[in-house]
Every structure is written in C-alpha cells, then in structure tokens.
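Coordinates in review
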Amino acid sequence: MVNKQGQTRLSRYYEHVELHKRTLLEAEVIKNCLSRSKYQCSFIEYKDFKLVYRQYAALFIVVGINETENEMAVYELIHNFVEVLDKYFSRVSELDIMFNLDRVHIILDEMVLNGCIVETNRSRILAPLLVLDKMAET
C-alpha cells in the first residue's frame, strides 16, 4: 500500500526477499503504478510476475502475483480488503493505516495466509479484532 507521493504505508511479502532488494523492487513497482492514468488497465506485466493494483483516493494497493493467479480474484480481494478496513475504521484514511498498522496487519492476516486467500467474509475477518478491542476496554 503506497500513497501518491510514493511512500510505502504497508508491505507484506509471502516469499523471502532480501531487504535491499525489497526497497528496489518497491521503488520500481511504485513508479510503474503511479505513472499510469486512471483509464489504463489495473493489471501490469512486470518482470516474471503480474501487478494488480487499485487506487482509493490517495492510496494505491498493489499486489504482485505469479502467472497462475487469477487477476480478477486478486482485484476483488483488494476491494474486499478496503471494505473491511472501511467497516473497522468507519471510513478508513491513510492516517488510520499509519497509526493502526498492527490492526491492518491483523486484518490482512485474517484474509490471506501464506499467500493464499483464506477468508472473505467481513464479519469473520473482523471477529478477532473486535475481541481484542473488547479486551482492551476492560
């Protein structure tokens, strides 16, 4: 997840990539996505994988997939992820993500396990967070 200025707000890798390579990879990916107009396709062939991205206000959510993954399923996963964030934060913003990164990671972990989509139901995704919130109140 990156903003329009190219600053990474959230990144998650499901395969090992060395830290310095991550930085270079993210810079190239961000440059590719930010340089496209809103009328261009949200799927980009990049090196040996594909990029699927969606823009929401000032944030871009970018997912790198291999050739066996379904682009439309990932495109919809991104939308579902944003809907879950909206439900939890009541209209999510970049600041919500920056100041609640642990919560955002929990949501992502509930949806994706080891690079595979495991849950799409919003209520089941948010259930562990709601339990944590109740425990924090007491």
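Named according to an unreviewed UniProt entry, the protein chain is AP complex subunit sigma originating from Alligator mississippiensis. Among the UniProt annotations of the protein chain, the heading Subcellular location (unreviewed entry) holds the following wording: "Endomembrane system". Looking at the Sequence similarities (unreviewed entry) heading of the UniProt record, one finds this comment for the protein chain: "Belongs to the adaptor complexes small subunit family."

On inspection of all chains with the given rule, the structure shows seven salt bridges. Between R9 and E94 there is a salt bridge, with the nearest N and O atoms lying 2.7 Å from each other. In this pair, R9 sits in the loop between β1 (2–3) and α1 (19–34) while E94 sits in helix α3 (residues 94–99), placing the two residues 85 residues apart along the sequence. Residue R12 pairs with D109 through a salt bridge whose shortest N-O separation is 2.3 Å. Placement of the pair is R12 in the loop between β1 and α1 and D109 in helix α4 (residues 101–111), with a sequence separation of 97 residues. Residue D109 is classed as partly exposed on the basis of its relative accessible area, which comes to 37%.

Right, let's talk about the sheet that holds β1 for a bit. Reading across from one edge, β1-β4-β3-β2 is the order of the four strands in this open sheet, with antiparallel pairing throughout. Both outer strands of the open sheet, β1 and β2 (43–46), are each paired with one neighbouring strand and no more. Two strands pair when backbone bridges link them, and β1 and strand β4 (residues 59–65) are joined in this way by two bridges, in the antiparallel orientation. In the strand pairing of β4, V2 is matched with F60. Relative to the sheet, α1 contacts β1, β2, β3 (49–56) and β4, its axis offset from that of β2 by approximately 140°. Contacting β2, β3 and β4, helix α2 (residues 71–89) crosses the sheet at an angle of about 35° to β3.

Definitions and cut-offs
Residues numbered from 1 in each chain as written. Predicted model: local features only at pLDDT ≥ 70, side-chain atom pairs only at ≥ 80, totals over all residues. Heavy atoms only, no water. UniProt positions renumbered as here; feature names shortened; annotations may be inferred. Salt bridge = Lys/Arg side-chain N within 4 Å of Asp/Glu carboxyl O. Helix = DSSP H or I, 4+ residues; strand = E, 2+ residues; numbered from the N terminus. Buried < 20%, exposed > 50% of the residue type's maximum accessible area, 1.4 Å probe, protein only. Pairing = 2+ DSSP bridges. Contact = heavy atoms within 4.5 Å. Axes fitted to C-alpha atoms, helices over the stretch in contact; angles between N-to-C directions.

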